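Examining the three-dimensional arrangement
Each chain is listed here by its residues.
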Amino acid sequence: MQPSPIIGQVLYNPIVNWTITLIMLLYGPALVIYLIFRLIGFQGYMSLFRFIEGKSVIYRLDPRVKILLSIVITTVAAITIWWISAIIFIAVMALYSLLSNIREKLRIAVPLILASFIGTAWTESMFTPYSYLQVIFHHVTFLYVLPRSLAIFGVTQGSGSFYVPYLGYVNNPVGITWEGIIYGLQITFRAVAAIASGLLLIFSTPPSDILRSLEKSGLPIELGFTLLLAVSSVPKVLENSMVVLNSLKARGVDFRPRSRNPIAFIRESLFIIRVVIMALIGIVTLTLRDARQIAIAADLRAFRAFRKRTYYKDIRMTRMDYVILAFLIALLIAGIYISGLPGMGAVPYNP
């Protein structure tokens, strides 16, 4: 198949080539940010850390078992081949059917998972070293060639002559590879299996139970309280952000530049940036006010006042917990064994 001279001249005109390059460099992060904030939004993030009680077996499990579930799944997914991670990910997503208000939970989990797939595939399509692709796939296909100067920033550069659509054969091309996209999708299954199991823990466990389980596992209660505080502070910061931004909107501030005139568009964009910077001052002020209440709450808990603390509601292992615990131990042993088999372990390169 001969390359089309007209399309090739258009696609690889220096101006067009650099324009497409800049779009590709920004495409991954921009789409990931759009998916997270457009589909989830502030309300979605706030509901992420808001526990809703349920009656299924997943809610009755000991928090320590669910923490171990997340650890084992992350470990097995990291050390085995990608399709095992995919099976584990599907199994974890099946457990979401046991959650209450499942539609709201999926509205949060699915965009995060899609963002992981898109972001990783975009990154690996351009930045996976050619030597690793050659070892894994034994053949590398370049889809589009970027300026050679980007090679110093780690963009994939082939070794030899490669056929590029609409351009023909190119020596040592620098650009986007099909195998990089496939490799990115494969290793993403490791990440999304861990993300899905972590979200399952957050959705099905009250924060106070997580704190008690960490203390019973030997973690100092001060450190556990700090971790729990860091997580619980996220929705409060988001709530403060919504208060400040809504107050600015009520005063007539428009956060979207609407002018079609390039000069006016730039002027409006600079004004929006200045307003956002000023809004950050208000958000920080509200957050610092909340910090005083948090300090008082920490003092009231009287850490280290007594060697052994008591709780109004204690957590205990049940028969179901021991069954799940035995299953997780078996899964971990099986994962370690499988990872040692030829061709079943994880690929060494995993950025």
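From a predicted model like this one, the values you see are computed outputs, not experimental measurements.

The rules we used
Here, residues in each chain are numbered from 1, in the same order as that chain's written sequence. Restriction of local features to residues with pLDDT of at least 70 applies here, the model being predicted, together with a cutoff of 80 or more for giving and counting side-chain atom pairs; totals for whole chains, interfaces and linings are based on all residues. Excluded from the side-chain calculation are hydrogens and water; included are all heavy atoms of the structure. Stacked, edge-to-face and tilted are the three classes for Phe, Tyr and Trp ring pairs, Trp counted by its six-membered ring, which pair at centre distances within 6.5 Å; planes under 30 degrees apart are stacked, over 60 edge-to-face, the rest tilted. Ring-over charges, as used throughout, are those where CZ of Arg or NZ of Lys falls within 6 Å of the ring centre and within 35 degrees of the ring normal. Labels follow the DSSP assignment, with helices taken as runs of H or I lasting at least four residues and strands as runs of E lasting at least two, numbered in each case from the N terminus. When a residue's accessible area, from a 1.4 Å probe over protein chains only, is under 20% of the maximum for its type it is buried; when over 50% it is exposed; and in between it is partly exposed. Whether two residues touch is decided by their heavy atoms; if any such pair falls within 4.5 Å, the residues are in contact. Throughout, an axis means a line fitted to C-alpha atoms (over the contacting stretch in the case of helices), and angles, computed between N-to-C directions, take values from 0 to 180 degrees. Under this scheme an angle from 65 to 115 degrees is roughly perpendicular, one under 35 degrees roughly parallel, and one over 145 degrees roughly antiparallel; angles in between are oblique. Think of it as three bins: nonpolar holds Ala, Val, Leu, Ile, Met, Phe, Trp, Tyr, Cys and Pro, charged holds Asp, Glu, Lys and Arg, and polar takes everything else, Gly as well.

**Here we look at the packing of aromatic side chains**
- One pass over the structure, following the stated rule, counts 9 aromatic pairs.
- An aromatic cluster is built from Trp82, Phe89, Phe117 and Phe189, whose rings are joined through pairwise contacts.
- For lysine 105, the ring lying beneath its charged end belongs to phenylalanine 203, and the centroid distance is 5.7 Å.

**A short note on the side chain of glutamine 186**
- With respect to the helices and strands, the residue glutamine 186 is situated in helix α8 (residues 178–204).
- Exposure remark for glutamine 186: the relative accessible area of 16% places this residue in the buried category.
- Apart from residues lying up to four places away in sequence, glutamine 186 is in contact with Trp82 and Phe137.

**So, the packing of helix α7 (residues 130–137) against α8**
- Two numbers describe how α7 lies on α8: the axes approach to 10 Å, and their chain directions differ by 80°. Accordingly, the angle class assigned to the pair α7 and α8 is roughly perpendicular. Of the residues in α8, those in contact with Leu133, Ile136 and Phe137 of α7 are Glu179, Gly180, Ile182, Tyr183 and Gln186.
- Classifying every residue of the contact of α7 with α8 gives 5 nonpolar, 2 polar and 1 charged.

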